[in-house]
Amino acid sequence: MSIFERMICREKDEMNCLNRSIRLDRRLSKCDLTSGVFHDEDGIPYILPAVIECRQRLLTGCLKSRYLAPEGMADFNAAATKLVFGSELVDVFYAQLVTLQAPGGTGALRLAFDFYASSLQGKRLWIGTPGWSNHQQIAVAAGMNTVNFSQGLNVNEWLNELEQAQPYDAVLLQAGAQNPTGVMLEAEDWNKIAELCRRKQLLPILDNACQGGGKGVDKDAEGIRIMSLRCPELIVASSFSKNFTLYNERVGAVSIKTSVPIFANQAKEELQTIIRTNYSSPASFGAEIVAGILNDPVLYQAWLSDLAKVRKTLAERRNIVQSLLCRESPKGTTPLYGLFLQLDLSPQVIFDLREKEGIYLLNNGRLSLAALCQQNIEDVASKINKWRFGRSPTPYLKQINS
Ligand code: PLP
């Protein structure tokens, strides 16, 4: 008997399965709206000009060949701390803050969860739903039990459900525009959540997946900064994939704010050991690009304006899709932000769109606005409407001209 017959096979990951189907789909008209990779108006994956400029400078400089320490590049870690917490808080909490480079946002989340589960002996993680499906999988892989709370438009409902949490439980919160809903919390909401976490002794873990992709670099970090002021301890997992268009380079960071400096030093050493026993040390090139931009005033300003243009394009695409798709006006008046739009589509419609039209959305109806472009936006909307309502919408340009 083969030892492999004993293999325990997990449920397959949705994104992996979809990516495989998309690769195998030979239709030229196929349209991958599953991932948050930003495409320009011609449908070409876009790289921010500030990133191209910085990368060019690094490539023409002298090549460094060495291992990084487990915690990664010091320049990058300092710049990431300032970006996430802002200069003022860094000055207040400098001895209570540690940041370590991580392999992307996913790697940062895994480090955060491993640290919580193994070093802090944490057992339970509260995860908001609807959310990013990988949160659940990473938490389970790190050995945690998970509990869901409903992360809808009404924050009072979140608070009611989180009242059931026990001391030392961790709560995972999305810092900026939420994936998949596009909801962004107001300062007032963050204050309420911070107060609840403090009162019930919960550890907030903030997923900072695309700082600058919602309302702006500082506004998107408002929740992290409010929580840092009001909660004694918290963890932030940052991704630099989408806000720097550095998906392949795997750049992320895990930051911990502790109540007293000694815990910060201990936490750093624990994380260094976790990293050493996983992948030893991170890769350097992407982190050099991010540090190069954040530490150069001219490139930093260029990056901010690149991001502002991306936000504007995403907002335009959101408006166009919403006006083409919604026979009724969108429910509620809460403005939505970020890379994704969640549609209320039945599993059958999502299946028909894949099979009959080659249009790929996630099973939960999430459509990536980042992956749309001027050339396909009307076509995609009319095909969605065809399977949803059995009709085509009036073209957007005709609507706004009439
Ligand atoms: N968190 C959320 C909410 C995400 O949507 C993603 C990626 O899509 C990540 C974390 C992971 O980021 P990365 O691609 O850098 O691993």
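As the structure is a computational prediction, the values presented were derived from the model and not from experiment.

A. Inspection of the packing of helix 6 (residues 155–162) against helix 7 (residues 187–199) at higher detail. Between helix 6 and helix 7, whose axes approach to 11 Å, the crossing angle comes to 5°. One finds that helix 6 runs roughly parallel with respect to helix 7. Side by side, helix 6 and helix 7 meet where Val155, Asn156, Trp158, Leu159 and Leu162 of the first sit next to Asp189, Lys192, Ile193 and Leu196 of the second. Its residues assigned to classes, the contact of helix 6 with helix 7 shows six nonpolar, one polar and two charged.

B. Representation of the site of the ligand. Neighbouring the ligand are 13 residues; Thr106, Asp207, Ser241, Lys242 and Arg250 lie closest to it. Ser239 is positioned such that a nitrogen or oxygen atom in its side chain is 2.7 Å from an oxygen atom of the ligand. A distance of 2.5 Å separates an oxygen atom of the ligand from a polar side-chain atom of Ser241. For the shell around the ligand, the leading source of residues is helix 4 (residues 104–119), giving four residues.

C. Local environment of the sheet that holds strand 5 (residues 170–174). A sheet is described by the order of its strands in space; here seven strands give the open sequence 2-8-7-6-5-3-4, paired in mixed fashion. Taken across any chain shown, the strands that pair with only one partner, and hence form the sheet edges, are strand 2 (97–102) and strand 4 (145–150). Strand-to-strand, the axes of this sheet are offset by a mean angle of 20°, without reference to chain direction. Of the pairings in the sheet, the one linking strand 5 to strand 6 (residues 203–208) comprises five bridges and is parallel in character. Each bridged residue has a counterpart across the sheet, and for Ala170 the counterpart in strand 6 is Leu203. Each of strand 3 (124–129), strand 4 and strand 5 touches helix 6; the most contacted strand, strand 4, lies at about 145° to it.

D. Local environment of the domain arrangement of the protein. In terms of domains, the protein is made up of domain 1 (3–47 + 312–320 + 342–401) and domain 2 (66–295). Here the C-alpha centre of domain 2 lies 29 Å away from the C-alpha centre of domain 1. Counting residues at the interface gives 10 residues for domain 1, matched by 11 residues for domain 2. When domain 1 packs against domain 2, close to 840 Å² is buried across both sides, 46% of that on carbon and sulfur atoms. On inspection of domain 1 and its partner domain 2, the count reaches zero salt bridges. Applying the counting criterion to the domain 1 and domain 2 interface returns three residue pairs in polar contact (both at pLDDT 80 or more). Residue classes in the side of domain 1 that touches domain 2 are distributed as five nonpolar, three polar and two charged.

Thresholds applied
Residues numbered from 1 in each chain as written. Predicted model: local features only at pLDDT ≥ 70, side-chain atom pairs only at ≥ 80, totals over all residues. Heavy atoms only, no water. Axes fitted to C-alpha atoms, helices over the stretch in contact; angles between N-to-C directions. Helix = DSSP H or I, 4+ residues; strand = E, 2+ residues; numbered from the N terminus. Parallel < 35°, antiparallel > 145°, perpendicular 65-115°, else oblique. Contact = heavy atoms within 4.5 Å. Nonpolar A, V, L, I, M, F, W, Y, C, P; charged D, E, K, R; others polar. Near = heavy atom within 4 Å. Polar contact = N/O pair within 3.5 Å; in protein donor to acceptor, adjacent residues only side chain to side chain. Pairing = 2+ DSSP bridges. Domains from an automatic or database assignment. Buried area = accessible area lost by both parts, 1.4 Å probe. Salt bridge = Lys/Arg side-chain N within 4 Å of Asp/Glu carboxyl O.

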